[in-house]
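Here is how the chains run, residue by residue.
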Amino acid sequence: MVLVEPVCEGESSHSDLNLCDRLCFSAAGGEIFNQCVSDEAFSEEDVKRLMRQILEGVSFLHQNNVVHLDLKPQNILLTSSSPLGDIKIVDFGLSRMVSSQQELREIMGTPEYVAPEILSYEPISTATDMWSMGVLAYVMLTGLSPFLGEDKQETFLNISQLNVSYQEEELQQLDPAALSFIQMLLCKRPQDRATAEQCLQHPWLQAPEKILPVKDQEASTSISTSEPQSSTTAAGDEEQEEPEGPVVEELIVMAAYTLGKCRQSSSSSLETEVLDGKKKPISKCFKFEEPFSKLQEIPGEFIY
């Protein structure tokens with residue numbers, strides 16, 4: 001969940017002070033900048049989670065035609081540092097409304113994070129924030145500022161000429177998709193940069209697919225292979241059960257080894273029926289009442 005709240009600077013009303021107090025209380029983890037420059041830097045998985053949240057907040061702003069224009073680690077707060085909490089985007093002192101009917105041109109922002117179009121006094125758009133998101137991702141992953149020079153003039157020159165190194169040791173240890181993510185944001189032409197929505201769909205920010213253990217894979221494979229075999233066997237049995245040639249009447253005698261007189265349990269009218277190839281098999285059952293003292297053959301007169 002991303003909470004976007006303004007922090008007012010300068011003269012503040014009583015309600016503004018309450019808002020600032022509430023924000024500071026709920027963002028006890030401080031700025032993410034502190035962790036970017038500390039020995040305990042963010043892991044790549046931490047950066048991915050936080051970057052998703054920041055992008056969701058930026059996407060919300062852009063959908064409402066608002067540009068922040070000062071996105072940097074000092075303006076992203078954490079609800080807690082240990083365990084690592086969620087983020088809050090703050091400091092909307094430079095934010096502006098943008099419109100397709102009117103161009104916005106201003107020179108503003110933090111030198112290390114300003115986009116090339118601001119330095120050249122070209123129109124500002126939502127893509128201006130996306131440049132800052134690329135710089136922010138670079139800093140969070142490496143702890144290094146990609147365009148920082150000895151002074152402001154050198155920093156601005158690096159930005160204008162897109163002098164950025166992707167050969168840093170810290171970058172080489174990352175997922176190649178992370179490098180691709182940064183590169184699609186640090187583009188000189190605003191129209192070439194990815195939007196916040198497109199960034200959220202980037203493979204680097206997608207949750208990894210769960211891989212089944214080897215045993216589970218073997219079990220699922222055996223189940224899938226056994227099903228066709230069983231269906232094939234069933235089909236073969238059906239083929240074997242199908243009679244070949246004309247169907248004739250059969251008389252099946254079911255008897256128990258008993259002794260004495262017997263009675264027929266079915267009607268005797270069936271005895272006189274003529275065999276007909278078109279009729280289905282008919283069965284007869286006989287029941288004997290007294291047990292055999294020893295195994296004997298059934299008299300022939302009971303077998304048809």
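Our subject in this report is the structure included herewith. If you're wondering where the values come from, they're calculated on a predicted model, not measured in any experiment.

Looking at the nonpolar core
- Core analysis: the biggest nonpolar cluster contains 47 residues, and Ile 54, Leu 55, Met 133, Met 140 and Phe 181 have the highest contact counts within it.
- Those elements that provide at least two residues to this core are helix 2 (32-36), helix 3 (44-63), strand 4 (76-78), strand 5 (87-89), helix 5 (126-142), helix 8 (176-183) and helix 9 (196-200).
- Here Met 140 is in contact with Ile 32, Cys 36, Phe 42, Val 47, Leu 50, Met 51 and Ile 54, once residues within four sequence places are set aside.

Looking at the packing of helix 3 against helix 5
- Put simply, helix 3 and helix 5 touch, their axes get as near as 11 Å, and they point 165 degrees apart. Between helix 3 and helix 5, the interaxial angle falls into the category roughly antiparallel. Crossing angle aside, the handedness with which helix 3 passes helix 5 is right-handed. Taken together, the residues of helix 5 that come into contact with helix 3 (itself represented by Glu 44, Val 47, Leu 50, Met 51, Ile 54, Leu 55, Val 58 and His 62) are Thr 126, Asp 129, Met 130, Met 133, Leu 136, Ala 137, Met 140 and Leu 141.
- Of the residues that constitute the contact of helix 3 with helix 5, the class distribution is 12 nonpolar, two polar and two charged.

Considering unusual backbone geometry
- In this structure, the amide linkage connecting Ser 82 to the following residue, Pro 83, adopts the cis form with an omega of 0 degrees.
- Looking at the element boundaries, Pro 83 is found in the loop between strand 4 and strand 5.
- Positive phi outside glycine occurs at Leu 162, with the angle close to 55 degrees.
- Mapping Leu 162 onto the fold places it in the loop between helix 6 (152-160) and helix 7 (169-172).

What counts as what
Residues numbered from 1 in each chain as written. Predicted model: local features only at pLDDT ≥ 70, side-chain atom pairs only at ≥ 80, totals over all residues. Heavy atoms only, no water. Core = buried A, V, L, I, M, F, W, Y, C linked by side-chain atoms within 4.5 Å. Buried < 20%, exposed > 50% of the residue type's maximum accessible area, 1.4 Å probe, protein only. Helix = DSSP H or I, 4+ residues; strand = E, 2+ residues; numbered from the N terminus. Contact = heavy atoms within 4.5 Å. Axes fitted to C-alpha atoms, helices over the stretch in contact; angles between N-to-C directions. Parallel < 35°, antiparallel > 145°, perpendicular 65-115°, else oblique. Left-handed = near helix turned anticlockwise from the far one by under 90°. Nonpolar A, V, L, I, M, F, W, Y, C, P; charged D, E, K, R; others polar.

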